[in-house]
Amino acid sequence: MTTSASDTTFRPLAGPEELGLFQQLSYVLDHELADDLASGRRLPEWMWVALREDRVVARAAWWAGKKGEAPQSLDFFDVDDALPAVERHEIGLRLLETATAAVVPAGAQRPEYGRFLPGDWREDPVAREVVETRLNIMAASGATPLVERLRLEWRPGTPLPEASTRLTFRPAEDREELISLMALVAEGSLDEHTRDELRTMSPRASAELMYREEFERYTTPRAWWRIAELKDGGEPVGFVIPARNDYNPIISYIGVLPAHRGHGYIDDILAEGTRILAEQDVPRIRAATDVPNVPMAKAFARAGYVVFQRAINMIWK
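Quick caveat: nothing in here was measured; it's all calculated off a predicted structure.

**Student:** What should I look at first to understand the overall build of the protein chain in this one?
**Tutor:** When helices and strands are counted, the protein chain shows nine helices and 13 strands. Expected size for 317 residues packed as a compact globule is a radius of gyration near 20 Å; at 21 Å, the protein chain falls within 12% of this value. Here the analysis covers contacts within the protein chain between residues at least 6 apart in sequence; of these, 70% occur between residues at least 24 apart. Taken as two groups, the 38 positive and 50 negative side-chain charges of the protein chain have centres that lie 1 Å from each other.

What follows is the structure, given as structure tokens:
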């Protein structure tokens, strides 16, 4: 599909050979695009540009977890920041609506929008304008903010926390045990994605969805996934899921059961997950937590993780 408005043409890429055209504008995830196309996590028809002759003035792209799935997130959206503000807004909104109509089936839920941001984006006037330009276009299309997140990183050379003297760790017995614990952790969760899911589904359903869409995809050993228990054969107090996704080693998920919160066990559990990945001689360990989740952010800081970016997520109701 190609549409035109005055001197601007809106169309998807004709194929992977046009990746260079798409990269006339830049974003921190550009280096992942070629591999995503090769693996089928992106399709050329999900990658749209607004063109003035051969100049890209806006672009948008969707991503899926694996080949053959429907698009799961809108993670690229850029406009040419050299354009006047009004023009940026008009072209960006036109591209977004035209591309969405072609990529997202009629009546389907629009995939969440996410963007990585500099850690100091509010204090830097240039960065703030770039971010707010894109968020304002999303808002004009009907999107509402869901959450702002901290993106965190542990780097080799950072001292590893000591092993827990209070807890023991073992692999999860099976899928059922882990999902049951995840459902319990959802109670009182400060994670906004979980809280949003619980508005329309049960804790059990939310846990099953996360397991299916995230944990089942990991090809790294499931023996890394650890259940934390009180010593001397005590009951579970929480768990951690260290893994490697398609891009980085990560602390995918970590939680403490409601009955055991308030005792600092999160530090012991995070230390265990961090050690498991550090022992694999990884170049980094990535993690994320919501800005309002202050206890979790402080736990990451105590474990030696640093904030290297932020992220904002928006959704369409």
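**Student:** What should I look at first to understand the pattern of salt bridges in this one?
**Tutor:** Pairing of side chains with opposite charge becomes possible as their charged atoms draw close. By the definition in use, this model includes 39 salt bridges. Between Asp 78 and Arg 134 there is a salt bridge; the shortest N-O distance is 3.3 Å. You can see Asp 78 sitting in strand E5 (residues 73-79) and its partner Arg 134 sitting in helix H4 (residues 125-140), a full 56 residues away along the chain. Exposure remark for Asp 78: the relative accessible area of 1% places this residue in the buried category.

**Student:** Which parts of the structure should I look at to understand unusual backbone geometry?
**Tutor:** Excluding glycine, a negative phi dihedral is what most residues carry, and trans is how most peptide bonds are arranged. Despite not being glycine, Glu 53 shows a phi value in the positive range, around 55°. Relative to the elements of secondary structure, Glu 53 occurs in the loop between strand E3 (47-52) and strand E4 (55-63).

**Student:** Just checking my understanding: could you explain helix H5 (residues 175-185) for this structure?
**Tutor:** Within an α-helix, residues lying three or four positions from one another point in the same direction, as the helix has 3.6 residues per turn. Burial in H5 covers these residues: Glu 177, Leu 178, Ile 179, Leu 181, Met 182, Ala 183 and Val 185. Capping the start of H5 is the job of one residue whose side-chain oxygen sits 3.2 Å from the backbone nitrogen of Glu 176: Asp 174.

Definitions and limits used
- Residues numbered from 1 in each chain as written.
- Predicted model: local features only at pLDDT ≥ 70, side-chain atom pairs only at ≥ 80, totals over all residues.
- Heavy atoms only, no water.
- Helix = DSSP H or I, 4+ residues; strand = E, 2+ residues; numbered from the N terminus.
- Rg over C-alpha atoms; globule rule 2.2 N^0.38 Å.
- Contact = heavy atoms within 4.5 Å.
- Lys, Arg positive; Asp, Glu negative; His and termini not counted.
- Charge placed at Lys NZ, Arg CZ, Asp CG, Glu CD.
- Salt bridge = Lys/Arg side-chain N within 4 Å of Asp/Glu carboxyl O.
- Buried < 20%, exposed > 50% of the residue type's maximum accessible area, 1.4 Å probe, protein only.
- Polar contact = N/O pair within 3.5 Å; in protein donor to acceptor, adjacent residues only side chain to side chain.

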